[in-house]
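Tertiary structure, described
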Amino acid sequence: MIIAVDGPAASGKGTISRALAQHFGLPWLDTGLLYRAVGVATVRGGGDPDDEAAALAACDFDEALLDDAELRSEQAGEWASRVSVHPAVREALVVRQQRFANQPGGAVLDGRDIGTVIAPDADAKLFVTASAESRAARRHADEVALDPDADYAEILADIEERDRRDASRSAAPMRQADDADLLDTTDLTISAAVQRAIALVEARTGRR
Ligand code: CDP
């Protein structure tokens, strides 16, 4: 069983995907981490994330990079969003994602184009979203723990800019697949959102 989870930054798709993987006993791939690794490897190699050739060269990054804490930073998210517009970069990462999706028993993958490009035949597809303001408030709460000066307005502007770039690029833009269920988490607690996601997958697949 393949479960595809897509949606914008800070919508809750990572938490929901992890919970779905645990509930259904499936392995999980956070595909955003691959784009983050390419972004960080590009910059560490002295390249510009907007330069397609430099970003493509960074696609054979060292596997150990996936465990690097810098990948979780807002800066890495921004670089990821910039390298991910390049068609050659997306293509270089497709095989790896599809191999993960098609392993025996299935998998959960989350990202921006899982239901549309990577696994169009997924058994269940969710598009997880929330208002930009509530997503910015969640990111702000996370960041204040690390940096008391974290600025809500700046985070909201970053989120809106990333949404715009992810949805307007020509290669595999972020969008809800026609056969995906929409899950709006704006007014849901984490546990309510997870319960709802499990119910949607059960309804689509008949699996418990
Ligand atoms: O967790 P958050 O939503 O902030 O970011 P992420 O899922 O780690 O993705 C970081 C960036 O990678 C996104 O803004 C997208 O531009 C890009 N991405 C993508 O293009 N396709 C994917 N399947 C996953 C991420």
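The following paragraphs examine the structure supplied in this document. (Residues numbered from 1 in each chain as written. Predicted model: local features only at pLDDT ≥ 70, side-chain atom pairs only at ≥ 80, totals over all residues. Heavy atoms only, no water.)

Concerning the site of the ligand
What surrounds the ligand is a group of 18 residues, the closest being Lys13, Arg36, Arg90, Arg162 and Asp166. Here an oxygen atom of the ligand and a side-chain polar atom of Arg90 are 2.8 Å apart. Note that an oxygen atom of the ligand is positioned 2.7 Å from one of the side-chain N or O atoms of Arg162. Here the ligand has 530 Å² of accessible area as a free molecule, and 95% of this is covered by the chains. At the level of secondary structure, the elements contributing two or more residues to the shell around the ligand comprise helix 2 (32-44), helix 4 (74-83) and helix 8 (152-168). When residues in the shell around the ligand are grouped by element, the largest group, three residues, is from helix 2. Each residue belonging to the shell around the ligand can be placed in one class, and the counts come to four nonpolar, five polar and nine charged. (Near = heavy atom within 4 Å. Polar contact = N/O pair within 3.5 Å; in protein donor to acceptor, adjacent residues only side chain to side chain. Areas by Shrake-Rupley, 256 points an atom, 1.4 Å probe, with all protein chains shown as cover. Helix = DSSP H or I, 4+ residues; strand = E, 2+ residues; numbered from the N terminus. Nonpolar A, V, L, I, M, F, W, Y, C, P; charged D, E, K, R; others polar.)

Side note on the side chain of Arg135
Tracing the sequence through the fold places Arg135 in helix 7 (residues 132-144). Engagement of the side chain of Arg135 in a polar contact is seen with the backbone oxygen of Ala130, the distance being 2.9 Å. Excluding residues within four positions of it along the chain, Arg135 makes contact with Pro8, Ala9, Ala10, Ser11, Ala130, Ile159 and Asp163. (Contact = heavy atoms within 4.5 Å.)

Description of the nonpolar core
Core analysis: the largest hydrophobic core is formed by 30 residues, its most contacted members being Val38, Phe61, Leu66, Leu71, Val89 and Leu109. At the level of elements, strand 1 (2-6), helix 2, helix 4, helix 5 (87-101), strand 3 (107-111) and helix 6 (114-118) are the ones that each hand at least two residues to this core. Residue contributions to this core peak at six residues, all from helix 2. Listed in part, the 20 residues of the second largest apolar core include Val5, Ile16, Leu126 and Val128. (Core = buried A, V, L, I, M, F, W, Y, C linked by side-chain atoms within 4.5 Å. Buried < 20%, exposed > 50% of the residue type's maximum accessible area, 1.4 Å probe, protein only.)

Let's talk about the sheet that holds strand 1
Spatially, 2-3-1-4-5 is the arrangement adopted by the five strands of the open sheet, whose pairing is parallel. Edge positions in the sheet fall to strand 2 (28-30) and strand 5 (181-184), since each has one partner strand and no second. On average, each strand axis in the sheet is tilted by 20° relative to the strand beside it, whichever way the strands run. Pairing geometry for strand 1 and strand 4 (residues 124-129), over four bridges, is parallel. By the bridge assignment, Ile3 is partnered in strand 4 with Ala124. (Pairing = 2+ DSSP bridges. Axes fitted to C-alpha atoms, helices over the stretch in contact; angles between N-to-C directions.)

Quick word on the pairing of strand 4
Most of strand 4 is tucked away: six of the six residues are buried. Here strand 4 shows two buried faces, one formed by Ala124, Leu126 and Val128 and the other by Lys125, Phe127 and Thr129. Of the strand pairs in this sheet, strand 4 and strand 5 are connected by four bridges, and their pairing is parallel. Each bridged residue has a counterpart across the sheet, and for Leu126 the counterpart in strand 5 is Asp181.

Observations regarding the pattern of salt bridges
Evaluation of the coordinates by the stated rule reveals 17 salt bridges. Ionic pairing is found between Glu70 and Arg44, a salt bridge with its closest N-O pair at 2.7 Å. Linking Glu70 in the loop between helix 3 (52-57) and helix 4 with Arg44 in helix 2, this pair joins segments that are 26 residues apart in sequence. Arg208 is the partner of Glu202 in a salt bridge, and the nearest nitrogen-oxygen pair spans 3.3 Å. With a relative accessible area of 74%, Arg208 lands in the exposed category. It is possible to trace a salt-bridge network through shared partners that takes in Asp48, Asp50, Glu78 and Arg82. (Salt bridge = Lys/Arg side-chain N within 4 Å of Asp/Glu carboxyl O.)

Describing helix 2
In a regular helix each residue adds 1.5 Å, so 13 residues correspond to 18 Å; helix 2 covers 18 Å between its end C-alpha atoms and thus fits that length. Of the residues making up helix 2, those classed as buried are Leu33, Leu34, Tyr35, Arg36, Ala37, Val38, Gly39, Val40 and Thr42. Turning to helix 2, the residues buried within the fold contact strand 2, helix 3, helix 4, helix 5 and helix 8. (Expected span 1.5 Å × (residues − 1).)

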